[in-house]
Every structure is written in structure tokens, then in C-alpha cells.
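# Observations on chain architecture
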Amino acid sequence: MNKRLFGIAALFKTPDEIIRAAKKTVEAGYQKYDVHSPYPVHGIDRAMKLKPSKLGFITLVFGLTGSALALLLMYWTMSVDYPMIIGGKPFFALPAFIPVTFEVTVLLATLATVIGMITFFFRFPENDHPLHDTEYMKKVSRDHFGVVIEASDKHFDESKVREFLSSLHPISLEEIYYSEKETYPVLEPKFVTFLVVVALVTSGVTYFSLNKLLYMQPFTWMMEQPKLNPQQPSTLFADGFGMRTPVQGTVARGFIPYPYMGQNNPTEVLQNPFLPTKENLKLGEAKYLTFCSPCHGNFGDGDSRLRGQFPNPPSLHSSRAREFSDGMIYHIITNGQNIMPSYASQITREERWAIVNYIRVLQRAKNAKSSDLQVVNKETGNNASN
Amino acid sequence: MHQTDFKYQRKDLPAGFSKFGFAFLLIGLILAVAAFFVDQSRAAFNYLVIYMMIVSIALGSLFLIALEYVAGADWSTPFRRIPEFFAGLIPVLFVLVIPLLLLNHDLFHWAHEEAVKQDKILEGKAPYLNLSFFVIRTLVFIAIWVLFYFLLTRNSRKQDTTKDQTLTSKNIRFSAAFIPLFAITITFTAVDWLMSLEPHWFSTIFGVYYFSGTVIAALAAVTLVVVVLKEKGYFNPWITDDHLYSFGALLFAFVNFWAYIAFSQFMLIWYADLPEETFWYLTRWEGSWVIFSLLLIVIHFVVPYAMLLSQPAKMNPKRLKFISIWLLFAHLFDLFWLIMPNMQPLKKGYVFSWIDLVFPILGIGIVLTIFNFIAKKENLIPVGDPKLKRGINFHL
């Protein structure tokens, strides 16, 4: 047997003795030693003269990293890359970001603390300790208190350590050896296979339950409903159509039927319900340029852009056209006239009235009175006498 | 390790306590009276700030005593006398509140009957916010506090000579009765004296907000006195690093608690963005008040948080002394920020006046004088308390 000595352990019966033993061990100058007890003993860290753990720094650094990352993520997504107004708040709405920042800070700090503890302080992947499975460990985790002085200490001398520990009046002394081979090697094929199997099974089960199991009967998530989609046949109605026509006289929401539809020379027309406000005229201009200007020209002169492919319409500035009432122009747009088709389905009611107002502006501009010029001069601040 | 040899010898408090206390009281009183003649309204608001500060320290101390009994804590037993002396300010509140009740017209908009008649909302709140009910409430609350102050401290003092352990169990029962009453009375006190300064505004978390500041103020005051007395040899060797660490940890916890509550109140109002709630914060964003609002975050949270974060900092006596003075100032600053913007001439922004500096002097004078007056007659350590030995042998 060629065992390597890990250290020499001494067992005690009371917490007071272990505190005294820890103090004496420090005084004797040993540095590589440890104390074990079944429960936390108050004051032991002071007796052992332990320095505060360095783990807190890992927590601090990763906590601050978490805050910075969370803020950066929200700043980038919410204020730079895809700015969105939510609840009327600014793009960089700091108060709303603080709870998230707090959560990410705590998350990263705790994860880093646990992982840091395992890697730096438990020396991962080392997963065995010579004290594991010893009689000593069984006792100190039940009703004894123990101190171990390790062989790696620079003052270690077997006989001296034995002498020193005996002077503390322990109930027993014990030599602890390294186990001959690592008990649980991390890279053993069996263990690695076990890890791979666990990973595959876990992810497989997760995938299956989230993507398949949840969509089996009876979990239909309302995807199957006793209703008919458009164009589907029906067995309920005699004609076999799933889509039904509305009841006679049904009017669509927001739609007012035009009463003089189909009359070429109506005796009555509608009154213009819209005032030529700035917004109304802007709308009228936009719609006129889209729908009317290809034939009637940008200014209503009848100069078609269609190069003879379609007959040119008459000018909108003729005295006949100028004497039309607003309602009559509206009627022509809605109903069509001669070869001009009806625009009722392309242009909404409000837009048609806006076009009427805009045409009135075009007509007035071509046939301006001198009083109009005074108004324009006054508004534009142009004082050129004329 | 265990210190079983405990011999307590009574020593008078350092002479500085009475000298400084008396000097501050005298100077503060003269200047305060002068301030009332110069600008009655501003003096009234300033006096309210220090009145609430004294309520914080006194009532918070009584809460700490009750907490020790209810929780069965023994670490705080060796210096429980310090909060008991601070709680001695409670009976004085009966006197201190009189000027405020007389000046209700300067302080409270709802105390103006003609203004209430023109205001639907104030009319609706009148069954609660009216002068007679307000005065009754205030006096009843102070009476409740005084009652429990006498019950708890009388038993504690009797124990010094009789060493009767049943007095501790009696006090535990009194404390258990006091804590719910404390929760109710402090909430209504905060609503009455702080929130009703702006009678149109409401916030349901406001009582908790004041409570968090109260505990910080009382803890900081107790910490300050314990550290100062320990440095002068009064508590040696009974107060160890472990006790100091507990002070630091509790202060740190309540600094976080205050920030949590203050932010919760702010974020909900900011997010909902309802004009009947936001105007209170907008007043504190007006003109130079914005500097106060931003400084409040730094003074009341950022600085104490950073200074108390590490473990050694929590048990360093010098650091604790500095941070407890800092936190006392922070709570005063918090109260100033809560109260002063409600003053009509200051609504558009803060304008400096010497009156603002006078009243803290008066406040320090009152607290020190009363503390010294009570401490002179009593033991500094509850020598008859059954928990004392465990408290002295306290280890983390």
C-alpha cells in the first residue's frame, strides 16, 4: 500500500472545544487546515481568523454587468433599432426599465455567484475530496466536531502535528489518505454518456410536450371551431352556400347610399356638407391628382396625359362647369357622365366632397377677381403695388 | 469566548450631550421665535418638518423596542435603553404639536372653510378632513403612543431592580398589541400631516413610504448614539463588531426598502399618467425643486447604498457614525422635500431663506435635551433583562 497522506484529523465532542482547537491551530502557525461541524458554530470564523470571502466580488462584477446589459438591450431595442411609443412614454423610458434592470441584475449576480463558487472555490471539475466517505466525515456531520491539518501545509511534520493535536485532548486522532484513484472522474465515458442521454431526453421531452403534446386532442387551442370560413359549402342551407347575402335594405357601416344613382340629369342634388378647410383641401388635392388628373389635367384644363388613347374631356373652367352646383359635381363623380365611369367604389364619400372643394379652388384660381389678389397680398405679405 | 463576567457601573453621559443640547435648544428657540415674526407661514412649514422628524425618531424608536420584544431578538437588548430614551420624546409631542394645531390655517388648504365650499373634491373629503376630527385624531394617536411608551419602558425599568422575568413576557404582549396600532396610527399620521398638505392628491402607499423613512431615522439615531458612546468607552466590551454589523445590515436593508417603496409610488403614478396624481410630482419638478428631487435619490439611496454595500463597511464604527448622521440628514431632506413644495409661494420653485436653517438647530436641541434628561436618571443597560447575557454574547 502506497497511500498518500492528506492530513491528520482530530475529533471533539463540544463546540467550545472546537473553537479553542481552531484558535490554537492558528496560533501554532498552521494555514492549511479546516474545521468541520454538524451545524454552523457562532464565532468559528473569527476563531479561525478567516478572511472575508472573495465571492462577493464576483457577485458585484456580474451584478453590474447585468444592469449594464439589461439597460443596453432595452436602450438598443426600444430607442434605437425599433423605436415604439408605448403608453405615450418616451422611447428611453427609464422608470419602466428599472424593474427589468433589477431582475437581470439579480439573475446574473446569483448565477455568477453559484457558477463562480463551483468553478473557483470548489475547483471544478474536481468533484472528489479525500474527506468524502471517511469515518471522520460521517462523525462530524452527525454529532462531532473536527479539525484537519493538511499535509500540504508548509509547517507539516507528521509527528509534530500528532503531538500538537494530542495536546488539545481530542477524543480520537485519525489519518486521512487520498483515495488511490479518483472516485468519480468527470470524463469517464459512462458519465459522459449519462450526461448526453440526460440532455437528449430532457430536450426531447421538452420539445415533445411543448410542440406536440400540447396540440393533441383535447387541446385544440380553439383551432377547430364549429364555424364556416368564407367560400366553404354548407349542409345547413338548402342552396348549399356557406356565405349568405345580407337582408334586403342592409347598409354597410359607415356607408350612406347615394339616392340619385343612375340619373343622367338629376333634378335634385345633395348639399356640400364639408367646409373647404386646409386639411379638406389637402385631401382633395391628393385625391384629385390621383384619380382625376390623368384625364382632366393637373389644373383641370382637360389636357389629358393619356396621349389620345382615351378621348380628352372638356375643360373644368368652362362657364357650364363653373355654374354647376357642388352637388352636381359630386353627382358626376359618383354616377359618371358620358364616357366618364362612376368613381363611387374607388373614392369615399368624404374624399369626393374634398375633390369638389378642390375643383372649386382650381376654378377660382383661373378666374380670379382683383379683390382676390388683395387678399393674397395681405396673407403673403407681398406689398408690390399693382 | 463567552464573557460571563458582566459588571455594570453607572456612568454619567458625556457632558457634551447636555451642553450642546441646551445650547442648540436656546439658540434654536430664539431664532425660531424670530422666524415666526418674520414669516409665519414659512416658519410653520419648517416647524412641521422638524416636528415630523421628531415623530419619526421617537415613534420609530418605540417600534424598534416593540420589534425586539415581539421577534425575541437578543442582539439589541444591551442597548435597548437608547431607543427607550429616544422614545421619551413621545410625551413631549403633546406640547410640540400645539403650535402646529394653532397654525392650521397656514399649513392646510382644507382648513379654509371658504375654499372648501368652492371645491367639490374638498367638500367630498370634508367628513374626514375637518379641523375638529383632525385635532381629535392627532391627540388620540399621541395618547396611544404615550400609553405604550409608558407601559413598555416602565416594565423595562422595573426589571433593573426586580430582575422579574415575567415583565419581559408582559412586554411581549404589549408589543404585539402595539405593532398593529403602530401601523394604523403611523399611516393616518402620514396622511394627516404630510399628504393632506396637498388635499387633492392621494397615494395609497404613502403611509408605508413615511414608515420606511421613520425606521431609517430611528435606527440611524440609535446607531449614532451607540457608536459614539462605544467610542467613549460606555459600551465596552459589550457591544462587538457583530452588533455593529447588525446595525449596518439593518440600515442597509431599510435604505433599500425606502428606495423600493419610493420607486413603487413614483413608477405607478408615472406610468398611469393621470393628472390628478401626477401634479404632486410635477410640483416637485418645478423650477429649482427638480434639483431637490434628483438629490433625494442620491442622498437617500445611492450614497448610503454604496457606502454600506461591503461587509467590512457595515461594521466599521467610523463609517457607521458618518452614515447614520448622513441618513438622519437624508430623512430630514426627504421630509423637507415632502412638505415645503406645498407652501404657496414656493410652488414655482425653491427660494432660499435663513428660516430653513433655523429649525434643524431647534430640532437637534429638543432631541438632545430630552434624551439627556431621561438618560440621566436611568441605567444605560437593562441590567435585569433575562436576554442581556445572550445579547452580550451575540455572535453572527
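What you see is a predicted model; the values in this text were computed from it and never measured.

Criteria and cut-off values
Residues numbered from 1 in each chain as written. Chains lettered and ligands numbered in written order. Predicted model: local features only at pLDDT ≥ 70, side-chain atom pairs only at ≥ 80, totals over all residues. Heavy atoms only, no water. Helix = DSSP H or I, 4+ residues; strand = E, 2+ residues; numbered from the N terminus. Rg over C-alpha atoms; globule rule 2.2 N^0.38 Å. Buried < 20%, exposed > 50% of the residue type's maximum accessible area, 1.4 Å probe, protein only. Areas by Shrake-Rupley, 256 points an atom, 1.4 Å probe, with all protein chains shown as cover. Lys, Arg positive; Asp, Glu negative; His and termini not counted. Charge placed at Lys NZ, Arg CZ, Asp CG, Glu CD. Pairing = 2+ DSSP bridges. Axes fitted to C-alpha atoms, helices over the stretch in contact; angles between N-to-C directions. Contact = heavy atoms within 4.5 Å. Domains from an automatic or database assignment. Buried area = accessible area lost by both parts, 1.4 Å probe. Salt bridge = Lys/Arg side-chain N within 4 Å of Asp/Glu carboxyl O. Polar contact = N/O pair within 3.5 Å; in protein donor to acceptor, adjacent residues only side chain to side chain. Nonpolar A, V, L, I, M, F, W, Y, C, P; charged D, E, K, R; others polar. Expected span 1.5 Å × (residues − 1). Core = buried A, V, L, I, M, F, W, Y, C linked by side-chain atoms within 4.5 Å. Patch = residues over 30% accessible without salt bridge, like charges linked within 9 Å, V, L, I, M, F, W, Y side chains within 5 Å. Parallel < 35°, antiparallel > 145°, perpendicular 65-115°, else oblique. Left-handed = near helix turned anticlockwise from the far one by under 90°. Phe/Tyr/Trp six-rings, centres within 6.5 Å; stacked < 30°, edge-to-face > 60°. Lys NZ or Arg CZ within 6 Å of the ring centre and 35° of its normal.

## Brief notes about the overall build of chain B
When you go through chain B residue by residue, the secondary structure sums to 17 helices and zero strands. Its C-alpha atoms give chain B a radius of gyration of 21 Å, near enough to 21 Å, the size a compact globule of 396 residues would have. For chain B, the C-alpha atoms occupy an extent of roughly 70 × 40 × 40 Å along the three principal directions. Residues counted as buried form 57% of the 396 residues belonging to chain B. Taken as a whole, chain B presents about 16,800 Å² of accessible surface, with 70% of it coming from carbon and sulfur. The average position of the 31 basic charges and that of the 26 acidic charges among the side chains of chain B differ by 11 Å.

## Things to note about the sheet that holds strand E4 (residues 172–177) of chain A
Residues and elements named next belong to chain A. The antiparallel open sheet is built from four strands, whose spatial order is E2-E3-E1-E4. This sheet does not close on itself; its edge strands, each paired only once, are strand E2 (33–36) and E4. With strand direction ignored, the average angle separating the axes of adjacent strands in the sheet is 20 degrees. Summarising the sheet, strand E1 (residues 5–12) and strand E3 (residues 145–150) pair through six bridges and their orientation is antiparallel. Following the sheet pairing, Ala 9 is matched in E3 by Val 148. In the packing of helix H1 (residues 15–27) onto the sheet, contacts are made with E1, E2 and E3, and the angle to E3 comes to roughly 20 degrees. Along the sheet, helix H6 (residues 158–166) makes contact with E1, E3 and E4, crossing E1 at roughly 10 degrees.

## Focus: the domain arrangement of chain A
Many analyses report the size of an interface as the accessible area lost when the parts associate. Each domain of chain A was delimited in the assignment, giving domain 1 (5–177) and domain 2 (278–380). On a C-alpha basis, the centroid separation for the pair domain 1 of chain A and domain 2 of chain A is 85 Å.

## Details of the side chain of Glu351(A)
Residues and elements named next belong to chain A. For Glu 351, the location among the structural elements is in helix H11 (residues 349–366). Judged by relative accessible area, Glu 351 falls into the buried class, the value being 15%. Setting aside chain neighbours within four positions, we find Glu 351 in contact with Leu 283, Lys 287 and Gln 346.

## Notes on the interface of chain B and chain A
On the side of chain A, 14 residues touch chain B, which itself brings 13 residues to the contact. Between chain B and chain A, a total of about 1,200 Å² is buried, with carbon and sulfur atoms accounting for 69% of that surface. Between Arg46(A) and Asp242(B) there is a salt bridge; the shortest N-O distance is 2.6 Å. The tally of links between chain B and chain A comes to four residue pairs in polar contact (both at pLDDT 80 or more). Examining the composition of the side of chain B that touches chain A, we find that seven residues originate from one element, helix H11 (residues 241–272) of chain B, more than from any other. When grouped by side-chain class, the residues that make up the side of chain B that touches chain A number eight nonpolar, two polar and three charged.

## Description of the pattern of salt bridges
Residue and element names in this part refer to chain B. Here the structure, examined in full by the defined rule, presents 21 salt bridges over all chains. Asp 160 serves as the salt-bridge partner of Arg 81, at 2.8 Å between the closest nitrogen and oxygen. Of this pair, Arg 81 sits in helix H3 (residues 81–87) while Asp 160 sits in helix H8 (residues 131–162), and the two are 79 residues apart along the sequence. Classification of Arg 81 by relative accessible area gives buried; the value is 0%. With relative accessibility at 9%, the residue Asp 160 sits in the buried group. The salt bridge partner of Arg 137 is Asp 192, with a shortest N-O separation of 2.6 Å.

## Quick word on helix H4 (residues 94–121) of chain A
Look at H4(A): 37 Å from first C-alpha to last across 28 residues, which is about the 40 Å you get at 1.5 Å a residue. When we look at burial in H4(A), the residues that qualify are Pro95(A), Phe97(A), Thr101(A), Thr105(A), Ala109(A), Ala112(A), Thr113(A) and Gly116(A). Here the buried face of H4(A) lies against helix H3 (55–81) of chain A together with H11 of chain B. Positioned one or two residues after H4(A), Arg123(A) has a phi angle of 55 degrees, which is positive.

## Observations concerning the side chain of Ser234(A)
Residues and elements named next belong to chain A. Among the secondary structure elements, Ser 234 is positioned in the loop between helix H7 (189–212) and helix H8 (278–296). Among the polar contacts listed, one links the side chain of Ser 234 to the backbone nitrogen of Leu 236, at a separation of 2.9 Å. Apart from residues no more than four positions distant in its own chain, Ser 234 is found in contact with Leu 228, Gly 240, Phe 241 and Gly 242.

## A short note on the nonpolar core
If you look at the biggest cluster of nonpolar residues, it comprises 139 residues, and the most contacted ones within it are Tyr51(B), Ile82(B), Trp145(B), Ile339(B) and Phe359(B). If you tally residues by element for this core, the top one is helix H2 (residues 40–71) of chain B, at 21 residues. Beyond its immediate stretch of four places on either side in the chain, Phe359(B) contacts Ala32(B), Ala35(B), Phe36(B), Ala43(B), Asn46(B), Tyr47(B) and Ile50(B). Within the second largest apolar cluster, 23 residues are counted, among which are Ile18(A), Ala21(A), Ala47(A) and Leu165(A).

## Considering a nonpolar patch on the surface
Residues and elements named next belong to chain B. A surface patch of nonpolar side chains, about 930 Å² in accessible area, is lined by Phe 22, Leu 26, Ile 27, Ile 30, Leu 31, Val 38, Phe 352, Trp 354 and Leu 357. When residues of the nonpolar patch are assigned to their parent elements, the largest contribution, six residues, is made by helix H1 (residues 15–38). Mapped onto the secondary structure, Leu 357 falls in helix H16 (residues 355–375). For Leu 357, a relative accessible area of 52% puts it in the exposed group.

## A look at the packing of H2(B) against helix H15 (residues 317–339) of chain B
Residue and element names in this part refer to chain B. It is at 9 Å that the axes of H2 and H15 come closest, and there the two elements cross at 135 degrees. Put simply, H2 runs oblique to H15. In the crossing of H2 with H15, the sense of the turn from one axis to the other is right-handed. For the pair formed by H2 and H15, the contact residues are Phe 45, Asn 46, Leu 48, Val 49, Met 52, Met 53, Ser 56 and Ile 57 on the first element and Leu 328, His 331, Leu 332, Leu 335, Phe 336 and Ile 339 on the second. By residue class, the composition of the contact of H2 with H15 is 11 nonpolar, three polar and no charged.

## Observations regarding the environment of Asp160(B)
Residue and element names in this part refer to chain B. Considered as a pair, Asp 160 and Asp 385 are 225 residues apart in the sequence and their alpha carbons are 7.1 Å apart. In contact with Asp 160, not counting residues within four places along its chain, are Arg 81, Asn 379, Ile 381, Pro 382, Val 383 and Gly 384. In terms of polar contacts, Asp 160 uses its side chain to reach the side chain of Asn 379, at 3.0 Å.

## Re the packing of aromatic side chains
Residues and elements named next belong to chain B. One pass over the structure, following the stated rule, counts 60 aromatic pairs over all chains. Where Phe 252 meets Tyr 305, the ring centres are 5.2 Å apart and the plane angle is 35 degrees; that geometry is what we call tilted. Of this pair, Phe 252 sits in helix H11 while Tyr 305 is found in helix H13 (residues 289–308), placing the two residues 53 residues apart along the sequence. Taking the relative accessible area as the measure of exposure, Phe 252 reaches 15% and is therefore buried. Through pairs of rings, three or more aromatic residues link up here, namely Trp 201, Phe 206, Tyr 209, Trp 258, Phe 266, Trp 280, Tyr 281 and Trp 337. A cation over a ring is seen here: Arg 284 above Trp 280, with NZ or CZ 3.8 Å from the ring centre.

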